[in-house]
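Results of the structural survey
Okay, here's what each chain looks like letter by letter:
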Amino acid sequence: MVVVLRNPFIWFAVILWAVASALPANAGQFEDAEAALNSGDYTTALRLLESLVEQDNTYAERLLGIMYIKGRGVSQDYAMGMRWMRIAADKGLADAQNEVAILYQRGWGVERNEAEAVKWFRLAADQGLLLAQNNLADTYALGLGVPQDFREALKWYRLAADQSSSYAENVIGIAFEQGLYVAQDYAEAFRWYRRAANKIYERPGNTWIHSPQYNIGAMYASGRGMAQDYVQALMWFTLAAAFGDTKPPGPIGIKLVNTPKYTALEQRDRLKALMTSAQIAEAEKLAREWGPHPIITIEPRAK
């Protein structure tokens, strides 16, 4: 028998009851555990999480795994971390699946297995997890556990870019600049770099490629696809260095996508030698005044 509720207030109350019923009864306890962990109260966090995993709480299983992996409140134990992370991953939790993949890829707490890592990255990426989409894309771009396939990598970078990933946007910019499985297009490369550079870059320590700030600086310095502008180039190299792009790139980046071998600091100093003191002062002023902000593109309406 179907009951029709004609009173909208009764219907609203039923919806609220249904939503409340769907929430885990221990949600508040998990939030307390998270807060304790974030504040450094590891004893409380561990006590709450151990209670929650006894209640089969998937999120608590993942968090307990993180405590062991990072050695927070417990002795660092990758094998124990993998044990708890795998329990959560087997239940379909995308964050845990991504972390299981990382453990396999690095051989932490388990025998290194890059092919197994790809399997877990894909499970998480198929659920729309941005981190996993980028990680899966990297495996194809770099040939880690799968045959190198930059076309397949671009598919996953684009999905991550759709979620506003600055790292993915930067890689897509490189693809357009180098003509990697897309038509070479400097204007399109610059557009993707600007999308990424006007945010705080999410992977400053990843050195197989340079940061988007660096890549914009290189385009201005060389006049590639635009008028050469040393002031703008120095501004962006200065920002790149400030955001941590201070290490030389890995050999695979140089080989795969022609990543410049110079660091942002080296590029900055080489450029200064070609500039007047007034130009240098202007570039440094622009760098000080810069702040992250989104670039909004207004698309023309179809007629």
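It is worth spelling out the overall build of the protein chain at this point. Along the backbone of the protein chain there are 16 helices and 0 strands. Here the protein chain, with 303 residues, has 44% of them falling under the buried criterion. Nonlocal contacts in the protein chain, meaning residues at least 24 apart in sequence, comprise 54% of its contacts between residues at least 6 apart.

What follows deals with the nonpolar core. Within the largest apolar cluster, 92 residues are counted, with the highest numbers of intra-cluster contacts made by Leu49, Phe150, Tyr157, Trp208, Ile209 and Trp236. The biggest single contributor to this core is helix 13 (residues 230-242), with 9 residues. If we skip the residues at most four places from it in the chain, Leu49 touches Phe30, Ala33, Ala60, Leu63, Leu64 and Met67.

A few words now on the packing of helix 6 (residues 94-106) against helix 8 (residues 130-142). Viewed as axis vectors pointing N to C, helix 6 and helix 8 meet at an angle of 30 degrees, and their least axial separation amounts to 10 Å. Here helix 6 is positioned roughly parallel relative to helix 8, judged by the angle of their axes. Classified by chirality, the crossing of helix 8 by helix 6 is left-handed. Along the contact surface, helix 6 presents Asn98, Ile102 and Gln105, while helix 8 presents Leu131, Ala132, Asn135 and Thr139. Here the residues of the contact of helix 6 with helix 8 are counted per class, giving 3 nonpolar, 4 polar and no charged.

Position of Ala115 relative to the elements: it lies in helix 7 (residues 114-125). Look at Ala115 and you get partly exposed, because its relative accessible area is 45%. For Ala115 and Thr139, which are 24 residues apart along the polypeptide, the C-alpha to C-alpha distance reads 9.4 Å.

A full pass over the atoms with the stated rule returns 7 aromatic pairs. Residues Phe30 and Tyr59 carry aromatic rings whose centres are separated by 6.1 Å and whose planes lie at 55 degrees to one another, so their mutual orientation is tilted. Separated by 29 residues along the polypeptide, Phe30 in helix 2 (residues 27-39) and Tyr59 in helix 4 (residues 58-70) bring together distant segments of the chain. Among the aromatic residues, those joined into a ring-pair cluster are Trp236, Phe243 and Trp290. Residue placement shows Arg203 over the ring face of Tyr167; its charged tip is 4.1 Å from the ring centre. The cationic tip of Arg270 hangs over the ring face of Tyr262; the distance from NZ or CZ to the ring centre is 4.1 Å.

Looking at the secondary structure, you find Glu61 in helix 4. Note on Glu61: relative accessible area 2%, which makes it buried.

So, about unusual backbone geometry. Notably, Tyr181 is not glycine yet its phi reads approximately 60 degrees, a positive angle. Along the chain, Tyr181 turns up in the loop between helix 10 (166-178) and helix 11 (186-197). In this structure, Asn258 takes a positive phi of about 55 degrees despite not being glycine. Within the secondary structure layout, Asn258 lies in the loop between helix 14 (251-257) and helix 15 (264-272).

This part is about the pattern of salt bridges. Following the criterion strictly, the structure yields 15 salt bridges and no others. In this structure, Glu169 engages Arg195 in a salt bridge whose closest nitrogen and oxygen atoms are separated by 3.1 Å. Here Glu169 is found in helix 10, whereas its partner Arg195 is found in helix 11, with 26 residues between them in sequence. A salt bridge links Glu284 to Lys272, with the nearest nitrogen and oxygen atoms 3.3 Å apart. One end of the pair, Glu284, is in helix 16 (residues 277-289); the other, Lys272, is in helix 15, and 12 residues separate them in sequence. Given the relative accessible area of 26%, Lys272 is considered partly exposed. Each of the salt bridges in this network shares a partner with another, and the network as a whole consists of Asp56, Glu61 and Lys91.

Any region with low pLDDT has predicted coordinates that should not be read closely. On average, residues of the protein chain carry a pLDDT of 87, and 88% of them reach 70 or more. Overall, residues 1-23 carries pLDDT values under 50, and its contacts beyond four positions in sequence, including any with other chains, amount to 3 contacts.

Cut-off values and rules
- Residues numbered from 1 in each chain as written.
- Predicted model: local features only at pLDDT ≥ 70, side-chain atom pairs only at ≥ 80, totals over all residues.
- Heavy atoms only, no water.
- Helix = DSSP H or I, 4+ residues; strand = E, 2+ residues; numbered from the N terminus.
- Buried < 20%, exposed > 50% of the residue type's maximum accessible area, 1.4 Å probe, protein only.
- Contact = heavy atoms within 4.5 Å.
- Core = buried A, V, L, I, M, F, W, Y, C linked by side-chain atoms within 4.5 Å.
- Axes fitted to C-alpha atoms, helices over the stretch in contact; angles between N-to-C directions.
- Parallel < 35°, antiparallel > 145°, perpendicular 65-115°, else oblique.
- Left-handed = near helix turned anticlockwise from the far one by under 90°.
- Nonpolar A, V, L, I, M, F, W, Y, C, P; charged D, E, K, R; others polar.
- Phe/Tyr/Trp six-rings, centres within 6.5 Å; stacked < 30°, edge-to-face > 60°.
- Lys NZ or Arg CZ within 6 Å of the ring centre and 35° of its normal.
- Salt bridge = Lys/Arg side-chain N within 4 Å of Asp/Glu carboxyl O.
- pLDDT = per-residue confidence, 0-100.

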